[in-house]
Number of protein chains: 2
Amino acid sequence: MYHGNARSKLKSIYDSREVEHMNIILLSGGSGKRLWPLSNDIRSKQFIKIFKTQDGAYESMVQRVFRQIKKTDEDANITIATSKTQVSTIHNQLGDSVGISVEPFRRDTFPAIALAAAYLTDERHISPEESVVICPVDPYVEDSYFEALKALEKQADKGEANLVLMGITPTYPSEKYGYIIPESSLDVSNVKTFKEKPDVETAKKYIAQGALWNGGVFACKLSYLLDKAHGLIDFTDYEDLYAGYEALNKISFDYAVVEKEEKIQVMRFGGQWKDLGTWNTLTEAMEEKVVGKGILNDQCHDVHIVNEMDVPILAMGLRDVVISASPEGILVSDKEQSSYIKPYVDGIEQQIMFAEKSWGSFHVLDVENESMTIKVTLNAGHSMNYHSHRNRDEVWVVISGCGKTIVDGMTQSVTAGDVITMSAGCRHTVLADTELKLIEVQLGSDISVHDKQKYALEYDAVTS
Amino acid sequence: MYHGNARSKLKSIYDSREVEHMNIILLSGGSGKRLWPLSNDIRSKQFIKIFKTQDGAYESMVQRVFRQIKKTDEDANITIATSKTQVSTIHNQLGDSVGISVEPFRRDTFPAIALAAAYLTDERHISPEESVVICPVDPYVEDSYFEALKALEKQADKGEANLVLMGITPTYPSEKYGYIIPESSLDVSNVKTFKEKPDVETAKKYIAQGALWNGGVFACKLSYLLDKAHGLIDFTDYEDLYAGYEALNKISFDYAVVEKEEKIQVMRFGGQWKDLGTWNTLTEAMEEKVVGKGILNDQCHDVHIVNEMDVPILAMGLRDVVISASPEGILVSDKEQSSYIKPYVDGIEQQIMFAEKSWGSFHVLDVENESMTIKVTLNAGHSMNYHSHRNRDEVWVVISGCGKTIVDGMTQSVTAGDVITMSAGCRHTVLADTELKLIEVQLGSDISVHDKQKYALEYDAVTS
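Just so we're clear, the structure is a prediction, and the values are computed from it rather than from any experiment.

1. Here's the deal with the pattern of salt bridges
Here the structure, examined in full by the defined rule, presents 30 salt bridges over all chains. A salt bridge links K274 of chain A to E284 of chain A; the nearest nitrogen and oxygen atoms lie 4.0 Å apart. Taken together, the positions of K274 of chain A in strand 13 (residues 273-275) and E284 of chain A in helix 10 (residues 279-285) put the pair 10 residues apart, joining distant regions of the chain. Overall, E284 of chain A belongs to the exposed group, its relative accessible area being 52%. Among the ionic pairs, K52 of chain B bridges to E288 of chain B, the shortest N-O distance being 2.8 Å. You can see K52 of chain B sitting in strand 2 (residues 51-52) and its partner E288 of chain B sitting in the loop between helix 10 (279-285) and strand 14 (290-291), a full 236 residues away along the chain. Assessed through its relative accessible area of 34%, K52 of chain B is described here as partly exposed. In this structure, a network of salt bridges that share partners links the residues D366 and E368 of chain A together with K375 and K437 of chain B.

Here's what the structure looks like:
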């Protein structure tokens, strides 16, 4: 139900704000296994550091897009709409200043965009009269794309239509995308109709009629999003929407809004736009053949190596192959075939071997029947939760850095070489002064990630 | 110089021995990198467990050959001529009863065979009048090959020639082998001449003339070997030869003896004989496509996976490719190309990540600037050397099994969960009652395998 009172009350707060910089909501999608072994249940493809930057470091898709937006509009107001599981990684990769609209549960794009709209209004105090651009976080694009986003937002500002979509000029008759049929061939046109993902022959006909790819990129007034959100969801404000999020139905924004909208325009974009959803398309966008330790002999043609392991990969006499290795596994695939990876990966039961956390990262080194050995890296100034385990003892051996451990309330300074033993039930944490690495040996017959009880840490314990 | 006195003195000791069973010297060659990442500086290809046996376990080349010899002649007197570095692995794979003639340094086949002949005479008390078969440890052959070895030995017994070679019927004009040209096409013939490894066209001509492959397999009287040894090397007995071994020149038995011998016969062998020196030939001999964790999709043709890692390998849409992964690295190669591997592997600087020892094995889990983490497995009843390190502290966390640690002379019973800390300089060892596994964390700025001082262990310490 739509709640008119809430809207008009909010409006007065925002009228004093200057409208200047881009508001962008980046939709950061789910896990996906199409880029296994680099993406998995807890790491999405947009966080894989695979693109070489000018200074020789590597950046992820999300870092690349973030950097490109900042280059186009330094003060752009960027909000990432994502799930809880990605928050740590986003802060690790983009810093703490980026706005994140956290979906407490996955409920498809309509609820996610509704939540982000409420977040922008109630938490970031953006005026509902401002326009906002919504786009996926993971396209591989040149800087011209972000200029096009600006133009999209300006077109939305004009109010000629309720929604302005980006229509991407097709480069081949793809079966992977929906198509937008515009009324005219002008740069900005009304939308005549939408077409579902077609087969190649149908796609060719669409393209002959001037159809454009629908990349899920659009601009509109924030008020429009709020209207649609309140129209379909009964909530008062951001906090209320967040609290009731679990009960929402899964529904896409395209289905709930775009396909029903009458006042809708499309703006052409003819620049480079790539969807890096498979190893085949991802490797096309890589500037280097080898990321990580790898050797290609001169009989290799169009072979890519992406190696996150410490040991080298040697490739000889291969053609059109991608090789990727991580602590999760090793993929060797013909590039064309790589798009059919999903059912095979679904069949692999593999413990999570590596994860980034808000406080650092962990890496499983060894798994035995009644023990597990892990390397834990804590970022400077960070700590684990204060926690205990019912069914396992643990031993920490600090291998570098310094900090403090707290074990059952007792604080102790630690540095490389210090050993801390913790029986089951014992509460414990580490606080890193510098970056601190330790080897954790878990011992017990029933080791599980679910065996973890968290506790609040008293202030005295931390500072003593 | 030849020492006639030593010979005639020994002869009287042996005359009473019955001559019944085969005497075989198996030459176990050097490291070799052609089967990287499974073979490396410390593990030779003949120890890779890659052949599925009838009971579903896997055996190595050396285990397969050993089992086949025992099947042909249960009481065969088998001696393996090899270097020090292989002794632990040979005992692990073949048990403690196998005879090993240990070359203290690598000096090519003539010194190795001379040393083995002296070992058989002086240490195993074999009569010099008995015949002995010498062959490489790593051919991939059917049982008929071992019947042929018996026949070879019997032919040597006759004394018609000083040396009887096996001549393998060529199956294609190979450039990889030397050729033997026999005087006749009889099963046993005098040798007309030898030919070096030819090109394909020349090989075809040789084969048209009835040439046979020289697989380095021959039989002769033990006395003949001793004569040749004393002829070229100045030594009294086995111990003397062993002690002076480092000073010997590298020279092959073919060059020093075979090519110069006038009284030499060749015996035809037409059975299956494969030299598994490259991934291409090795995978041909594998009964299974996948050894270890691996998945081939149905678009793979003639793809083999040999995976010694704990994580899965997924192969999609490949043809004629071998994939092999070990803690040392990952190879993905077109099978034909795999024979050109050596220079690439020579260029890889990689720490040894896994090794079998006389007491068990170790596996490097993690390497940092000032620490290294290792999993150590001790076989039941075995112990490490009692040792110390100058430049590193160590921490042991026992993760399974039970045994005793001795640290600076103090003995302590240990079991899973026990932690032992050892400062630099401190003497230490573990004795395993059952199989015992521990995580060892090494800490220091100058960690090196060479930093190890060994000590004798007093009896009291072990039994207290």
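This is not the end of the story, as more comes after the structure.
2. Quick look at the interface of chain B and chain A
If you look at the interface, chain B gives 50 residues, while chain A gives 50 residues. Approximately 4000 Å² of surface area, both sides summed, lies buried where chain B meets chain A, with 70% of it carried by carbon and sulfur atoms. Sorting the residues of chain B by area buried against chain A places L314, M316 and I330 of chain B first, and these three jointly supply 17% of that buried surface. Among the ionic pairs, K375 of chain A bridges to E368 of chain B, the shortest N-O distance being 2.5 Å. For the pair chain B and chain A, the number of links is 18 residue pairs in polar contact (both at pLDDT 80 or more). Among the elements that make up the side of chain B that touches chain A, the one with the highest residue count is strand 19 (residues 329-334) of chain B (6 residues). Across 4 bridges, the pairing between strand 19 (residues 329-334) of chain A and strand 17 (residues 313-316) of chain B is parallel. By the bridge assignment for strand 17 of chain B, V332 of chain A is matched with A315 of chain B.

3. Thoughts on the relation of the copies chain B and chain A
Note on the copies: chain B fits chain A at an RMSD of 0.2 Å, the axial shift is 0.0 Å, and the rotation between them is 179 degrees. A rotation of that kind, with that shift, is consistent with a two-fold axis. Across chain B, the rotation axis passes nearest the C-alpha of L365 of chain B, at a separation of 3.0 Å. A share of 100% of the interface residues of chain B reappears at the interface of chain A, consistent with the copies meeting face to face through the same patch.

4. Details of the pairing of strand 5 (residues 99-103) of chain B
Residues and elements named next belong to chain B. Of all the 5 residues making up strand 5, 5 are buried; the element is thus mostly covered by neighbouring parts of the structure. Of the two faces of strand 5, the one lined by G99, S101 and E103 and the one lined by I100 and V102 are each fully buried. Both strand 4 (residues 77-83) and strand 5 contribute to a ladder of 5 bridges, which runs parallel. Bridge assignment links S83 to a residue of strand 5, and that residue is E103. For the crossover that starts at strand 4, traverses helix 3 (residues 87-94) and ends in the parallel strand 5, the hand is right-handed.

5. A short note on helix 4 (residues 109-122) of chain B
For helix 4 of chain B, spanning 14 residues, the distance from its first C-alpha to its last is 20 Å, which sits close to the expected 20 Å at 1.5 Å a residue. Taken across its 14 residues, helix 4 of chain B has 13 buried, putting it largely inside the fold.

6. A few points about the sheet that holds strand 29 (residues 436-443) of chain B
All names here are of chain B. Within the open sheet, the 6 strands sit side by side as 20-21-22-29-24-27. Their pairing is antiparallel. Lying at the two open borders of the sheet, with one neighbouring strand each, are strand 20 (354-357) and strand 27 (419-422). Across the sheet, the axes of successive neighbouring strands diverge by a mean angle of 20 degrees, strand direction being ignored.

7. Quick notes on the pairing of strand 10 (residues 188-195) of chain B
Residue and element names in this part refer to chain B. Sheet topology places strand 9 (residues 178-182) next to strand 10; 4 bridges connect them, and they run antiparallel. From the neighbouring strand, I181 faces strand 10, where its bridge partner is T193. Remark: 5 residues form the turn of the hairpin made by strand 9 and strand 10, two consecutive strands paired antiparallel. In the sheet, strand 10 pairs with strand 12 (residues 264-269) via 3 bridges, with the strands oriented antiparallel. If you follow V188 over to strand 12, its bridge partner there is M267.

8. Focus: the nonpolar core
Residues L26, I69, Y145, L149 and M166 of chain A are the most contacted members of the largest nonpolar core, which totals 42 residues. The greatest single-element share of this core, amounting to 6 residues, is contributed by helix 5 (residues 144-158) of chain A. Those residues in contact with L149 of chain A that sit more than four places away from it in its chain are M22, I24, V133, C135, M166 and V217 of chain A. Residues M22, I90, V164 and V217 of chain B belong to the second largest nonpolar core, which totals 41 residues.

Rules and cut-offs
- Residues numbered from 1 in each chain as written.
- Chains lettered and ligands numbered in written order.
- Predicted model: local features only at pLDDT ≥ 70, side-chain atom pairs only at ≥ 80, totals over all residues.
- Heavy atoms only, no water.
- Salt bridge = Lys/Arg side-chain N within 4 Å of Asp/Glu carboxyl O.
- Helix = DSSP H or I, 4+ residues; strand = E, 2+ residues; numbered from the N terminus.
- Buried < 20%, exposed > 50% of the residue type's maximum accessible area, 1.4 Å probe, protein only.
- Contact = heavy atoms within 4.5 Å.
- Buried area = accessible area lost by both parts, 1.4 Å probe.
- Polar contact = N/O pair within 3.5 Å; in protein donor to acceptor, adjacent residues only side chain to side chain.
- Pairing = 2+ DSSP bridges.
- Least-squares fit on C-alpha atoms with pLDDT ≥ 70 in both.
- Right-handed = clockwise from strand over helix to strand, strands pointing away.
- Expected span 1.5 Å × (residues − 1).
- Axes fitted to C-alpha atoms, helices over the stretch in contact; angles between N-to-C directions.
- Core = buried A, V, L, I, M, F, W, Y, C linked by side-chain atoms within 4.5 Å.

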